[in-house]
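Letter by letter, the chains look like this.
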Amino acid sequence: MTRIVVIDNHGQFTHLEGRALRDLGVDTDIVDNTTPPEEIDADGLVLSGGPDMDRIGRCAEYLKMDVPVLGICLGLQVIATELGGSVGEGDYGGYADVTVEVLDEDDPLIGSLAPETRVWASHADEVKELPDGFTHTATSDVCGIEAMSNADEGLYGVQWHPEVAHTAEGEEVFENFIDICSQ
Amino acid sequence: MVDVDSFIDEATAEIREQVGDEHAIIALSGGVDSSVAAALAYEAIGDQLTPVYVDTGLMRKGETEGIRETFAFMESLRVVEAQDRFFDALSGVTDPEEKRKVIGEQFIREFEREAKDTDAEYLVQGTIYPDRIESEGNIKSHHNVGGLPDVVDFEGIVEPVRDLYKDEVREVARALDLEEVVAERMPFPGPGLAVRVIGEVTPEKVEVARDACHVVEEETEEHEPWQAFAAVVGKATGVKGDNRVHGWIVSVRSVESRDGMTARAQELPWETLQRIQSRITGQNENVARVVYDVTHKPPATIEYE
């Protein structure tokens, strides 16, 4: 069975990520972000959201574990920061209901949601510059980079919260990620 | 979604094992969480459990009578009339966290007396998963008689629904044959109407909040909100029957949610909003205006404090 581990960056919705995966029938567990990488046995990782870039523990090391990674909210920003992109304050906080335009309909993670999808978000900061090798896969009126992917490396990130009930097609994002991890 | 039948079997077995032949006590708030925890514990250990319901004066309309009826099958149920003591303790307190603390402490005093009186060795609590993360994340404190173990030397604390979300607790409630009113009852905060009154908690403001919440619950029922209520948020000028009124502002909130973690402000029909406005201002001479809160969660929380 595919096993996907959620890395807890102290986010309000971390447990819902575990629940979404559990409800889709994969083996899952939530672990603290200080857990040594060698103790994590997984076919894929979810980096949860969280309040503070200074409390991301060993997230940088998890990106080198050679398994697909889905970064959510702060998790996306961690991927961007660690791999040479940049993060800064948005002009406009992204809260609650946001309509996201999918830019790459072939993207393995969110391409199936094209042309657009309604999501729930909660963030002040956003990714300003993509790291090398990444494709800009979604955008919205309130946030330029709503999602990015590096399919070759198996690294994906979304700025919104696919795990909360108000995100219309959140389950599909997890289903797509499970497919990516099962390959 | 949790498997309800196996959950109930496991939870009751765990309670039985933990409590053994000792006596346990639980604070019944009238909400779904503590009702389910109490029913599980009662099923597990029967009259070794004493459910205690404290009427703080901060309860919803008809709530105390409802509790007496719903839990009439528990012979050990105790109802404590503590309204005056709570209002005295809250006099002059305006800070939301301080209010929660004062209520929590008064609650503990009431409960401590009952616990000692019944020689309870175990405390059963209806803590659910979101309570734990909100407390751990310092977003809000949840009292759930949190400080009681410091005062009473319990052998242990039993939290049978600690890993469940609200929707899962409701599933369990249905399976336990708790009356529909409990299973479908909207979430209600631990500190009661005190957090639906901004600023000092007075009997007058609480009475307005109680009546307004009742109106909102009735008028929104057909729209099936996840939670709907009203809060007294301040004072403003109005004019009633040619007389100036400096009266309360009542804010109405009605949201859709699955688990309380996120929420959408409900798009209620204008006629419904107007009927709510008319009833609240008409029945309460000290209310000057009624407003509707259109903010989702995030950025707002569902409750005001």
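No experiment lies behind these values; they were computed from the predicted model shown. (Residues numbered from 1 in each chain as written. Chains lettered and ligands numbered in written order. Predicted model: local features only at pLDDT ≥ 70, side-chain atom pairs only at ≥ 80, totals over all residues. Heavy atoms only, no water.)

Asker: How do you make sense of the UniProt feature "active site" (unreviewed entry) in chain A when you look at a structure like this?
Answerer: On the UniProt side, "active site" (unreviewed entry) is annotated at positions that read A:Cys73, A:His161 and A:Glu163 here. Sequence-wise these annotated residues cover 91 residues; spatially they are packed, their C-alpha atoms never more than 11.1 Å apart. Relative to the assigned elements, A:His161 resides in the loop between β9 (155-158) and α4 (170-182). With respect to the helices and strands, the residue A:Glu163 is situated in the loop between β9 and α4. A residue is classified by how much of its surface remains accessible, and A:Glu163, at 4% relative accessible area, is buried. When neighbours within four sequence positions are excluded, A:Glu163 is seen to be in contact with A:Phe13, A:Leu16, A:Glu17, A:Ile72, A:Phe174 and B:Arg258. (UniProt positions renumbered as here; feature names shortened; annotations may be inferred. Helix = DSSP H or I, 4+ residues; strand = E, 2+ residues; numbered from the N terminus. Buried < 20%, exposed > 50% of the residue type's maximum accessible area, 1.4 Å probe, protein only. Contact = heavy atoms within 4.5 Å.)

Asker: Before we go on, may I ask you to explain the packing of aromatic side chains in this structure?
Answerer: Remark: the centre distance and the inter-plane angle together describe each pair of aromatic rings, the angle taken between the planes. Residues and elements named next belong to chain B. Taken as a whole, this structure holds 5 aromatic pairs over all chains when the rule is applied. For the ring pair phenylalanine 107 and phenylalanine 111, a centre distance of 6.2 Å and an interplane angle of 20° mean the geometry is stacked. Highlighted residues: phenylalanine 107 and phenylalanine 111, both in helix α5 (residues 96-118), separated by 4 residues, approximately one helical turn. Phenylalanine 111 sits in the buried class, given a relative accessible area of 0%. For lysine 235, the ring lying beneath its charged end belongs to tryptophan 248, and the centroid distance is 4.7 Å. (Phe/Tyr/Trp six-rings, centres within 6.5 Å; stacked < 30°, edge-to-face > 60°. Lys NZ or Arg CZ within 6 Å of the ring centre and 35° of its normal.)

Asker: Just checking my understanding: could you explain the UniProt feature "binding site: ATP" (unreviewed entry) in chain B for this structure?
Answerer: All names here are of chain B. The residues that UniProt annotates with the feature "binding site: ATP" (unreviewed entry) are Ser29, Gly30, Gly31, Val32, Asp33, Ser34 and Ser35. Among the secondary structure elements, glycine 31 is positioned in the loop between β1 (24-27) and α2 (32-45). Taking the relative accessible area as the measure of exposure, glycine 31 reaches 11% and is therefore buried. The topology assignment puts valine 32 in helix α2.

Asker: I tried to follow the sheet that holds strand β1 (residues 3-8) of chain A on my own but got confused; where do I start?
Answerer: Hydrogen bonds along the backbone pair up the strands of a sheet, which may run parallel or antiparallel. Residues and elements named next belong to chain A. Ordered in space as β2-β1-β3-β4-β9-β8-β7-β5-β6, the 9 strands form an open sheet in which the pairing is mixed. The open sheet has two edge strands, β2 (27-32) and β6 (116-129), and neither has a second partner. Strand-to-strand twist in this sheet, taken as the mean axis angle between neighbours without regard to direction, amounts to 20°. As defined by bridge partners, strand β7 (residues 135-140) adjoins strand β8 (residues 147-150) across 3 bridges and the pair is classed as antiparallel. Following the sheet pairing, threonine 135 is matched in β8 by serine 149. Seen against the sheet, α4 touches β1, β3 (44-47), β4 (69-72) and β9 and runs at an angle of roughly 155° to β4. (Pairing = 2+ DSSP bridges. Axes fitted to C-alpha atoms, helices over the stretch in contact; angles between N-to-C directions.)

Asker: Where do I start with the interface of chain A and chain B in this structure?
Answerer: Size of an interface, as often reported, equals the accessible area lost when the parts are brought together. Every contact between the two is made by 18 residues of chain A and, on the other side, 21 residues of chain B. Between chain A and chain B, roughly 1600 Å² of surface is buried when both sides are summed, and carbon and sulfur atoms account for 55% of that area. Between the two partners, chain A and chain B, sit 3 salt bridges. With a closest N to O distance of 3.0 Å, A:Arg19 and B:Asp167 form a salt bridge. Taken together, the connections running from chain A to chain B amount to 8 residue pairs in polar contact (both at pLDDT 80 or more). Among the elements of the structure, α1 (14-23), β5 (86-102) and β6 of chain A are those that each provide at least two residues to the side of chain A that touches chain B. No other element matches α1(A), which puts 5 residues into the side of chain A that touches chain B. For the side of chain A that touches chain B, a count of residues per class yields 8 nonpolar, 4 polar and 6 charged. (Buried area = accessible area lost by both parts, 1.4 Å probe. Salt bridge = Lys/Arg side-chain N within 4 Å of Asp/Glu carboxyl O. Polar contact = N/O pair within 3.5 Å; in protein donor to acceptor, adjacent residues only side chain to side chain. Nonpolar A, V, L, I, M, F, W, Y, C, P; charged D, E, K, R; others polar.)

Asker: Please explain unusual backbone geometry as it appears in this structure.
Answerer: Note: most peptide bonds trans; most residues except glycine with negative phi. Between B:Lys297 and the following residue, B:Pro298, the backbone shows a cis peptide bond with an omega angle of -15°. The topology assignment puts B:Pro298 in the segment after β9 (287-292). Looking along the chain, the bond that leaves B:Pro298 and enters B:Pro299 is cis, with omega of 10°. One non-glycine residue with positive phi stands out, namely A:Asp66, at about 65°. Looking at the secondary structure, you find A:Asp66 in the loop between α2 (59-62) and β4. In this structure, A:Ala96 is a non-glycine residue whose phi angle is positive, near 60°.

Asker: Honestly, the nonpolar core in this entry has me stumped. Any pointers?
Answerer: Burial of nonpolar side chains together is a common tendency in soluble globular proteins. All names here are of chain B. Ile25, Leu58, Val250 and Ile280 are the most contacted members of the largest nonpolar core, which has 48 residues in total. With 7 residues, the single largest contributor to this core is helix α10 (residues 203-220). Residue assignment places this core across two domains, with domain 1 (2-174) and domain 2 (201-290) each supplying three or more. Leaving out residues up to four positions away in the same chain, isoleucine 280 has contacts with Ala212, Val215, Val216, Val250, Val252, Val287 and Val290. Core analysis: the second largest hydrophobic core is formed by 37 residues, Ala38, Leu40, Val172 and Leu176 among them. (Core = buried A, V, L, I, M, F, W, Y, C linked by side-chain atoms within 4.5 Å. Domains from an automatic or database assignment.)

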